[in-house]
Amino acid sequence: MPTWTRTLRETGITEPDLRTAYGRQLGFVRRFKPAEFLTVRLLLPARLHPPAVAAVAFMHETDDRIDTGTREARAAALESWASATRSALGGAATGDATLRVLADAVTRHDQLRQYVEDFLRGARHEVDYAGFDTEDELQTYVDGYALPGFMLLACLLEREDTTEDEMFAQCCRDLIEAMQRIDFLDDLAEDAGQGQVGIPGKDLERHGLSVEALRSPTDAVRARLGQLVAEQVELARPRLSASGQLVSLVRPRTRPFVTALLQVQELQLRAVGRKGGGLVDGGARPSVPALLGVLLRQYRAVRRMR
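What counts, and where the lines are drawn
Along each chain, residue indices are assigned from 1 in the same order as the chain's sequence is written. In view of the model being predicted, local features appear only for residues whose pLDDT reaches at least 70, and side-chain atom pairs are presented and counted only at 80 or more, with totals across whole chains, interfaces and linings using the full set of residues. Excluded from the side-chain calculation are hydrogens and water; included are all heavy atoms of the structure. Only runs of H or I of at least four residues qualify as helices and only runs of E of at least two qualify as strands under DSSP, and these elements are numbered from the N terminus. For this measure, only C-alpha atoms enter the radius of gyration; the expected value for a globule follows 2.2 Å times N^0.38, where N is the number of residues. Burial classification: accessible surface area is computed with a 1.4 Å probe over protein chains only, and a residue below 20% of its type maximum counts as buried, one above 50% as exposed, and the rest as partly exposed. Working rule for contacts: check all heavy atoms of both residues, and any pair within 4.5 Å makes them a contact. Within this scheme the basic residues Lys and Arg register as positive and the acidic residues Asp and Glu register as negative, but His and the chain ends are omitted. Taken as the charge location is NZ of Lys, CZ of Arg, CG of Asp or CD of Glu. Salt bridge criterion: a side-chain nitrogen from Lys or Arg within 4 Å of a carboxyl oxygen from Asp or Glu.

Novice: Please clarify how the overall build of the chain should be interpreted in this entry.
Specialist: Along its length, the chain carries 16 helices and zero strands. For 306 residues, the compact-globule estimate of 2.2 N^0.38 gives 19 Å, and the chain sits close to it at 20 Å. In the chain, which comprises 306 residues, the share counted as buried stands at 51%. Sequence-distant contacts in the chain: of pairs separated by 6 or more residues, those separated by 24 or more amount to 72%. When the 40 basic and 43 acidic side-chain charges of the chain are each reduced to a single mean position, those positions are 9 Å apart.

Novice: What am I meant to see in the pattern of salt bridges here?
Specialist: Applying the stated rule across the entire model yields 27 salt bridges. A salt bridge links Arg251 to Asp161, with the shortest nitrogen-to-oxygen separation between them at 2.9 Å. Of the two residues, Arg251 sits in the loop between α14 (246-249) and α15 (255-275) while Asp161 sits in the loop between α8 (135-154) and α9 (165-186), which places them 90 residues apart along the sequence. Given a relative accessible area of 36%, Arg251 falls into the partly exposed group. Using a relative accessible area of 69% as the deciding quantity, one classes Asp161 as exposed.

Treat this as a map of the structure, not an account of what it does.
Take a look at the structure:
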């Protein structure tokens, strides 16, 4: 793994203030997304590290700005942030390090531009989010917000010349639906404490559950939740399996990264499935040795390509 200084130099990022801004974003991603940071740095080609860091930092900063306060306050925050982002991408000077590196990444990887716009437009779904009543509402959220966010990173992956856009997009859609369902299960206890969860209300009702019941769980609640978790796992599993085609759709040098991403999600899916109704007491995590094993195997695959 090349040093960050060398990575920036070899990707043509030489202006001192810009290098400082990239370094700040690297530290930011390392702190709040350590697993993703390590996966990018170990498994992606070095030329993709700066735009990947820019994309992940931008996603997290956007989430932070629209995640708290009243709906009106979050909507105002989104409007202000979207305006600042579009201005920076249009060439205006900005003192915001997140936007400065994003604008630079867009000049080097123009495909990012449309996905930034899609993500900003879709962020209204996060502003309006108050849980889901139905499965259709969950699917709308995935299409409108989760998928554009994922595509900020996925669009950087170098595809095989024979890969069709429609097939690539569908595989990304399958993967992010699985990831979102897994995240909603893992965050169940925290989300219930905030008054809404990512499992549709109709599904909760069918199992005799409610957000209120999840906030003060009994053994009976845990048992019913275990059945519901098993159902949600079975909804996620075929989407995760279908997304496995992504490995063959990208060029060999990015396959270890995609493989690791898929395998980590499989480990996470198994973890939430095992914890079942106990998710009401806190999330589930795969074992550290299992996670490290995934990274080590795929890092060895990267080294064999050199």
